[in-house]
Amino acid sequence: MKMVFRWFGEGNDSVSLKHIKQIPGVEGIVWALHDLPVGEVWPTDRIQEVKKQAEDHGFHIDVVESVNVHEDIKLGLPSRDKFIDHYIQTIKNLAAAGVKVICYNFMPVFDWTRTELFRQHEDGSTALYFENEKIRNLDPLELVETISDNAAYTMPGWEPERLQYLTKLFDQYRGMTETDLWNNLRYFLEKVIPAAEQHDIKLAIHPDDPPWSVFGLPRIITSKENIRRLLDLVDSPANGITLCSGSLGANPDNNVADMVREFAGRIHFAHIRNVKTMDNGSFIETSHRTSDGSVDIYDIVKAYKETGYSGYVRPDHGRHIWDEACRPGYGLYDRALGIMYLWGIWDSLLRTREEDNLYAAGK
C-alpha cells in the first residue's frame with residue numbers, strides 16, 4: 001500500500017509538510033484547492049504551485065481530495081452541463097500535473113455530518129461525534145453554525161459560499177428521491193468517465209457519511225449493494241471508490257473487510273479509521289486501534305493484504321490528543337499514531353507470509 005497524508009495547504013493547516021515528512025512511510029500528500037468555489041476550473045498555475053511545495057519535501061501529489069461536484073449536477077438542473085465541462089477541464093489539468101486519483105462525493109447539500117466537533121473521551125482526548133437523536137430534531141442552520149464556529153480553518157464539505165444558500169438548496173431538493181439522485185449520478189459519470197479514461201485518471205467516489213439519510217436528504221453510497229450498483233452505472237476501471245472504513249462502519253450492518261475483498265480491483269483510494277457505534281445510532285470517532293472502536297481495522301488491513309492492494313491509503317480522522325490545536329479530525333499526532341498502527345499490522349502480515357513461504361519450501 002502507498003501511504004499518503006491529507007494536507008490542507010500552507011496557511012490553512014496546523015500541520016506542516018516538514019512534520020508530515022517525519023512520519024515513517026508517508027510518500028505523498030492528499031490535497032485540494034480548498035479556496036476555490038465549487039464548480040470552478042482548477043487553474044494549472046495553482047496546481048503547479050502545490051506540486052512544487054510537495055516535491056520540495058519529497059512528496060508526490062497523486063491523490064486529490066476533493067474536486068467537489070456542484071449542486072446543480074446533483075440536482076440535475078439544466079446548468080449542470082456547464083459545470084460538468086468545468087469538471088472535465090479540471091481532470092485534464094490535474095492529469096497534466098501527474099495526478100492519478102480524484103476523490104469526490106455525491107452527497108446532497110452536506111458533506112460529512114457531525115453534531116459535535118470535540119466530544120470528550122474518558123481518557124481526556126476529544127473527537128468528532130454524531131448524536132443520532134439530536135440530529136433528528138436539529139435545524140440544519142444550527143448545525144451550520146456549529147461547524148462554522150471553527151473559523152480558524154476551512155472545513156472541507158462545508159464551504160461558506162455554498163451553505164449561505166442553504167434554504168434555497170433544501171427547497172430545490174424537496175421531493176428528490178434516491179432514484180432521482182442515482183439518475184443524476186449516472187448522467188455525471190457517463191460524461192466524465194470517458195475523460196478520466198483518456199487522461200489516465202481514476203475517479204473514486206467517497207461513501208456517504210454517515211451512510212443514511214440526514215435531514216430527509218437522499219443518500220445512496222451507503223452499503224455493499226449500493227457500491228455494486230455504482231460500479232455498474234459505468235463499468236470502467238476509471239469508475240471506482242474511496243473505501244472509507246469509518247463512514248461505512250458507522251452502520252454496524254456494513255462489513256468493510258468483505259467490501260475490500262469484493263471490490264479490490266475498483267478501490268482506488270482507502271480511508272482507514274475507526275468509530276465506536278452505539279445502540280441508538282450515535283457514534284464517536286476513536287483511535288485507529290481495533291479494540292477501541294466497533295470496526296475491525298485488523299481484518300480490513302488483512303483484506304487489503306490478501307487482495308494484493310497496492311493503491312493509496314491514508315489514516316482518516318484522528319482524535320485531538322496531547323492538547324494539540326488543530327482542525328477537527330485532522331491533527332498530526334493521532335493520525336501519525338494511526339499510520340504506525342496500520343504499518344504494524346501490514347508488516348506483521350508481510351512477515352507471516354514470508355515465514356509461511358519459507359516453511360512451505362522446507363527451509
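Attention now moves to helix α9 (residues 178-198). The end-to-end C-alpha separation of α9 is 30 Å, in line with the 30 Å expected for 21 residues at 1.5 Å each. When we look at burial in α9, the residues that qualify are Leu181, Trp182, Asn184, Leu185, Phe188, Leu189, Val192, Ile193, Ala195 and Ala196.

Let us now look at the sheet that holds strand β9 (residues 267-272). Taken in spatial order, the 8 strands line up as β1-β2-β3-β4-β7-β8-β9-β12 and close into a barrel, and their pairing is parallel. Adjacent strand axes in the sheet meet at a mean angle of 30° when their direction is disregarded. Note that β9 and strand β12 (residues 312-315) share 4 bridges and pair parallel. In the sheet register, Ile272 faces β12, and the bridge partner there is Pro315.

Looking at the element boundaries, Lys276 is found in strand β10 (residues 275-277). In sequence terms Lys276 and Gly249 are 27 residues apart; their C-alpha atoms lie 8.9 Å from each other. Ignoring any residue separated from it by four or fewer positions in sequence, one finds Lys276 in contact with Ser282, Phe283, Ile284, Thr286, Asp292, Gly293 and Ser294.

Take the packing of aromatic side chains next. Scanning all chains against the criterion turns up 13 aromatic pairs. When the ring of Phe130 is compared with that of Trp212, the centres are 5.7 Å apart and the planes differ by 70°; the resulting orientation is edge-to-face. Here the residue Phe130 occupies a position in strand β6 (residues 126-130), and Trp212 occupies one in the loop between β7 (202-205) and α10 (224-233), the gap between them amounting to 82 residues. When its relative accessible area of 22% is taken as the criterion, Trp212 is described as partly exposed.

What follows covers the pairing of β12. Of the two faces of β12, the one carrying Tyr312 and Arg314 and the one carrying Val313 and Pro315 are both buried. The pairing of strand β1 (residues 2-6) with β12 spans 2 bridges and is parallel. Looking across to β12, one finds that Lys2 is bridged to Tyr312.

Rules used in this analysis
Residues numbered from 1 in each chain as written. Predicted model: local features only at pLDDT ≥ 70, side-chain atom pairs only at ≥ 80, totals over all residues. Heavy atoms only, no water. Helix = DSSP H or I, 4+ residues; strand = E, 2+ residues; numbered from the N terminus. Expected span 1.5 Å × (residues − 1). Buried < 20%, exposed > 50% of the residue type's maximum accessible area, 1.4 Å probe, protein only. Pairing = 2+ DSSP bridges. Axes fitted to C-alpha atoms, helices over the stretch in contact; angles between N-to-C directions. Contact = heavy atoms within 4.5 Å. Phe/Tyr/Trp six-rings, centres within 6.5 Å; stacked < 30°, edge-to-face > 60°.

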